[in-house]
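Survey of secondary and tertiary structure
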Amino acid sequence: MKRLHLFFSSFSQNLFSSLMLVVITSVALISVQNVVGQYRYINHSKYIIDNEYLKNSDYFMLDISFLPPEYDKQLEYSNNIRENISAFNGVEGIAYTQNSTAVYRSTNINLSMYNESMRKAFKKQLSEGEWFKSQTETDNIPNVVICGAIFDDISIGSDITIKLYGNNHEITEQIVHVIGKIAYPYLSADYNTISENVSAQNFLVQANIVIFDDNKQTKDLLDKHTILSSLSFSYFVLYKTDCTPSQKEKVRDYMDSTGSYAEYDKILYNTEKEIRENIVKQMITPIFLLIISTVLLISIATLNTYKKLREHTIYYLCGCSKKISFGYLFCEISIITFVATLINIIYVSYIINLYKSGQMGYNKSIVDYNNIFLSIVYCIFTVLITIILPFFVYRKNTPIEIYRRNRND
Amino acid sequence: MIEILKLNKYYKIGNSKFHALKDIDLDIKDGEMLAVTGKSGAGKSTLMNIIGLLDSYDSGSLKIDGVEVSGLRDGRLAKLRNEKIGFVMQDFSLLEHKSVLMNVMLPLYFNNRYNFREMKKLAMDALKKVGITEQAQKKASQLSGGQKQRVAVARAIINEPSFILADEPTGALDTKTSAEIMELFKNLNDDGKTIIIITHDMNIAASCQRKIEISDGGII
């Protein structure tokens, strides 16, 4: 206790500069975490999108200005276009989804129906179990694939109960059988982006989702108990491997006449460009801030060591060993990094908890315990650097040296 | 008791060695008040550093209260320094920005014998002995030279050490204040404290019971 008192009594002399440095380092670390989170998100999205089925595909975006105002007619119009596209020679399938919402453990979740093309296009998502290959649905218990932090504790083979909301707000409890889980970081397919510059990250969204097979049995079941949106304005058009350039050209002409499309290569190009131009550019400021704070930390550590040499010579006279004396110096220097890292860990843990509890929506960024690992690596690296310099200063300026020098002065 | 036998100390200067202390034999009994005199560079400060366990020696023997200090590790030496020796330096060696009380308590931070409340009480007792209890809450930087040296003496005696090692304790003080500090040392000596004063001031040396002179690294 008295050692702590002595430590804080000595540390209080540098309180203001230390607090400033803690603030700068914390801000720098948090900024780096955010950019790293974004980088991880886009990189993971690229990994999911980069697969053999999508390599031979185009992303179609319906021109919604052509849509009639009534829902039924919108449905009819969009379904017609989808059917027309799939009827072209050379088209293997349309990877599209139908969506709804439900409640699981008092948290709103999404429901999605994946057709076969969809499962092929996003097959890399699955981490455990399988897609809907073996249809063994009986007694109205549909097989599902789950995705999201809320399902972390659910294992393959379990049955879970979700609440479905019907047209008249009536609630129906539906038991579903889990046959697969989407891999962390729980990115699920999303087709909400309509843009020429669409990139990999636009196709994925972090959310809690229960995925059903797109078959008549599940469709009837869901139609009965919830409002299933069958409107699909955007989707991937998968081509057959033997699709000729002229066949592809015909499909693209049609897509041009009803909306727009993005070629797969363009999507990958946009993704690379986004990483290169946005993420790397965003990274510069936090990295610069982190370098500045680290250099400041090293400078302050060295200056502090010189400043405290006389004080520690007095400690030495009073019976403090060199080891303990250096221990005090070590603590005074590294406390800044430790506090900044601790703030960062608390921040990351808080964000993770918000994500997990569903209080915070994912925002195109992956923040998890790997980010804490990053903070700890930074902490160890900085502490090592900030200790090496004072160590040499202290070794060259032993208490007896300082005492001799003072006497000669 | 301090027993020194055939003690030698060398300093390395470039490629050559400087023989700073030559075959020093010295016994200092408990309760003595000893003055170590000598010209500048004679080796008296080197001897003080060695007796004070601040510096090492190359050969010979040094025993403090029967404990041979040669070969002891830094931690053990620090413990001996803390428990057996009280230092009073010419430059006072105080933490200028800290309170007088904290300065006096400093040696007690490095042993586990006392809690914080006991430390404060002992510090106030020590300050009472040197006659500056009313300055306890002031910062060391606010004191006069004489007062600072009294604080240094209070710090030196707080731990009830075996002996007090004073290096030119009056070197930075005027004549009147020097006399007061010497009176303080005499009082402590009368109470049974062993006091070793390193000085080049013959008047100070004359006020001690015993005097040794060092010249060219040897006792004459």
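1. Quick notes on the overall build of chain A
- A count of helical and extended segments in chain A gives eleven helices and 13 strands.
- Expected size for 409 residues packed as a compact globule is a radius of gyration near 22 Å; at 30 Å, chain A overshoots this value by more than 25%.
- When each of the 409 residues of chain A is scored for burial, the buried share is 53%.
- Split by element, the accessible area of chain A, about 19,400 Å² in all, is 58% carbon and sulfur.
- Between the mean site of the 38 positive side-chain charges and the mean site of the 39 negative ones, chain A shows a separation of 17 Å.

2. Points about the overall build of chain B
- On a plain count of helices and strands, chain B comes out with seven helices and ten strands.
- The C-alpha atoms of chain B give a radius of gyration of 17 Å, which matches the 17 Å a tight globule of 220 residues would have.
- When its C-alpha atoms are laid out on the principal axes, chain B stretches across 50 × 40 × 35 Å.
- The contacts of chain B with a sequence gap of at least 6 include a subset with a gap of at least 24, amounting to 70%.
- For chain B, the computed accessible surface area is about 9,600 Å², with 48% contributed by carbon and sulfur atoms.
- Each charge sign in chain B was given a centre, from 31 positive and 28 negative side chains, and these centres are 5 Å apart.

3. Considering helix 2 (residues 74–84) of chain B
- When helix 2 of chain B is considered as a whole, its buried residues turn out to be Leu77, Ala78, Leu80, Arg81 and Asn82 of chain B.
- Structurally, helix 2 of chain B contributes buried residues whose contacts are with helix 8 (264–317) of chain A together with strand 5 (67–68), strand 6 (85–89) and helix 3 (100–109) of chain B.

4. Considering the domain arrangement of chain A
Residue and element names in this part refer to chain A.
- Here chain A is partitioned into domain 1 (2–46 + 279–405) and domain 2 (57–242).
- Relative to domain 2, the C-alpha centre of domain 1 lies at a distance of 46 Å.
- The interface of domain 1 with domain 2 comprises 13 residues on the first partner and twelve residues on the second.
- Here domain 1 and domain 2 share an interface that buries about 1,200 Å² over both sides, 57% of which is from carbon and sulfur atoms.
- Our enumeration of links across domain 1 and domain 2 arrives at zero salt bridges.
- The interface formed by domain 1 and domain 2 contains two residue pairs in polar contact (both at pLDDT 80 or more).
- Residue contributions to the side of domain 1 that touches domain 2 peak at six residues, all from helix 2 (residues 15–49).
- Its residues assigned to classes, the side of domain 1 that touches domain 2 shows five nonpolar, three polar and five charged.

5. Some words on the layout of surface pockets
Residue and element names in this part refer to chain A.
- The volume enclosed by the second largest pocket comes to roughly 420 Å³.
- Around the second largest pocket sit 19 residues that line it, and Thr97, Asn99, Asp190, Tyr191 and Asn192 are the ones nearest its centre.
- Of all the secondary structure elements, the ones that give two or more residues to the lining of the second largest pocket are strand 3 (97–104) and strand 4 (107–114).
- Here the residues of the lining of the second largest pocket are counted per class, giving eight nonpolar, ten polar and one charged.

6. Here we look at the interface of chain A and chain B
- Listed by partner, the interface residues are 26 residues for chain A and 34 residues for chain B.
- Carbon and sulfur atoms supply 56% of the area buried between chain A and chain B, which totals about 2,600 Å² over both sides.
- By the criterion of area lost to chain B, the three top residues of chain A are Lys2, Leu317 and Cys318 of chain A, representing 27% of everything that side buries.
- Taken together, the links from chain A to chain B amount to one salt bridge.

7. Quick notes on the sheet that holds strand 2 (residues 91–95) of chain A
Residue and element names in this part refer to chain A.
- The four strands are arranged 2-12-1-13 in an open sheet whose pairing can be described as antiparallel. Each having just a single partner strand, strand 2 and strand 13 (259–263) make up the two edges of the open sheet. Taken pair by pair, the neighbouring strands of this sheet meet at an average axis angle of 25 degrees, ignoring direction.
- Here five bridges tie strand 1 (residues 57–62) to strand 13, and the two strands are oriented antiparallel to one another. Within strand 13, the residue paired with Phe60 across the bridge is Tyr261.
- Along the sheet, helix 7 (residues 245–258) makes contact with strand 1, strand 2, strand 12 (234–239) and strand 13, crossing strand 13 at roughly 135 degrees.
- Along the sheet, helix 8 contacts strand 1, strand 12 and strand 13; its crossing angle with strand 13, the most-contacted strand, is approximately 70 degrees.

8. Considering the sheet that holds strand 9 (residues 210–215) of chain B
Residues and elements named next belong to chain B.
- In spatial order, the strands read 6-7-8-3-9-10; together these six strands make up an open sheet with mixed pairing. Either end of the sheet is taken by a strand with one partner, and the two such strands are strand 6 and strand 10 (218–219).
- In this sheet, strand 8 (residues 194–198) lies alongside strand 3 (residues 33–38) in parallel orientation, the contact comprising four bridges. What sits directly across from Leu34, in strand 8, is Ile196.
- Strands in contact with helix 6 (residues 175–190) are strand 3, strand 6, strand 7 (163–167) and strand 8; relative to strand 8, the strand with the most contacts, it is inclined by about 150 degrees.

9. Quick word on empty space enclosed by the protein
- By the definition in use, this model includes three cavities of 30 Å³ or more.
- By volume, the largest cavity is sized at about 90 Å³.
- Around the largest cavity, the lining residues are Leu317 and Cys318 of chain A together with Arg81, Asn82, Ile85, Gly86, Phe87, Pro107, Arg155, Ala156 and Asn159 of chain B.
- Of all the secondary-structure elements, those providing two or more residues to the lining of the largest cavity are helix 2, strand 6 and helix 5 (145–157) of chain B.
- Take the lining of the largest cavity: its biggest share by element is three residues, from strand 6 of chain B.
- For the lining of the largest cavity, the class distribution of residues is six nonpolar, three polar and two charged.
- A volume near 80 Å³ is recorded for the second largest cavity.

10. Description of the packing of helix 5 of chain B against helix 6 of chain B
Residue and element names in this part refer to chain B.
- It is at 10 Å that the axes of helix 5 and helix 6 come closest, and there the two elements cross at 15 degrees. As summarised for this structure, helix 5 and helix 6 are arranged roughly parallel, according to the angle between their axes. Crossing angle aside, the handedness with which helix 5 passes helix 6 is right-handed. In this structure, helix 5 contributes Gly146, Gln149, Arg150, Val153 and Ile157 to the contact, and helix 6 contributes Thr177, Glu180, Ile181, Leu184, Phe185 and Leu188.
- Partitioned by chemical class, the residues of the contact of helix 5 with helix 6 number six nonpolar, three polar and two charged.

Criteria and cut-off values
- Throughout this document, residue positions are counted from 1 along each chain, in the order its sequence is written.
- Starting at A for chains and at 1 for ligands, labels are handed out in the order in which the entities are written.
- Local features in this predicted model are restricted to residues whose pLDDT is 70 or higher, and side-chain atom pairs enter the listing and the counts only when it is 80 or higher, whereas totals over whole chains, interfaces and linings include all residues.
- Think of the side-chain values as coming from all heavy atoms in the structure, minus any hydrogens and water.
- Labels follow the DSSP assignment, with helices taken as runs of H or I lasting at least four residues and strands as runs of E lasting at least two, numbered in each case from the N terminus.
- Within these notes, the globule rule equals 2.2 Å times the number of residues to the 0.38 power, and the radius of gyration is based on C-alpha atoms.
- Here's how the labels work: a residue is buried when its accessible area is under 20% of the maximum for its type, exposed when over 50%, partly exposed in between, all with a 1.4 Å probe on protein chains only.
- Note on areas: Shrake-Rupley, 1.4 Å probe, and residue coverage restricted to the protein chains presented here.
- His residues and chain termini do not enter the charge count, which takes Lys and Arg as positive and Asp and Glu as negative.
- We put the charge of a Lys on NZ, of an Arg on CZ, of an Asp on CG and of a Glu on CD.
- Residues count as neighbours in contact if any of their non-hydrogen atoms are within 4.5 Å of one another.
- Segmentation of the chain into domains, including their bounds, is taken from an automatic or database domain assignment.
- Note: buried area is the sum, over both parts, of the accessible area (probe 1.4 Å) each one loses when the two are combined.
- By convention in these notes, a salt bridge is any Lys or Arg side-chain nitrogen within 4 Å of a carboxyl oxygen on Asp or Glu.
- Polar contact criterion, stated in full: a pair of N or O atoms within 3.5 Å, where within protein one must be able to donate a hydrogen and the other to accept it, and residues adjacent in sequence count only if both atoms are side-chain atoms.
- Each residue gets one label: Ala, Val, Leu, Ile, Met, Phe, Trp, Tyr, Cys and Pro are nonpolar, Asp, Glu, Lys and Arg are charged, and the others, such as Gly, are polar.
- Here a cavity denotes grid points, spaced 1 Å and computed from the protein atoms alone, that fit a 1.4 Å probe unable to get out, and a pocket denotes an open set having protein on both sides within 12 Å along at least 5 of 7 lines; residues with an atom within 4 Å of a point are the lining.
- Grid points are joined across faces, edges and corners, and a volume is the space filled by probe spheres set on the points.
- Pairs of strands are assigned from DSSP output, requiring at least two bridges between the strands.
- The axes are straight lines fitted to the C-alpha atoms, using for helices just the contacting stretch, and the angles between their N-to-C directions are given from 0 to 180°.
- The labels follow the angle: roughly parallel below 35 degrees, roughly antiparallel above 145, roughly perpendicular from 65 to 115, and oblique for the rest.
- Note on convention: near helix rotated counterclockwise from far helix by under a right angle means a left-handed crossing. Clockwise means right-handed.

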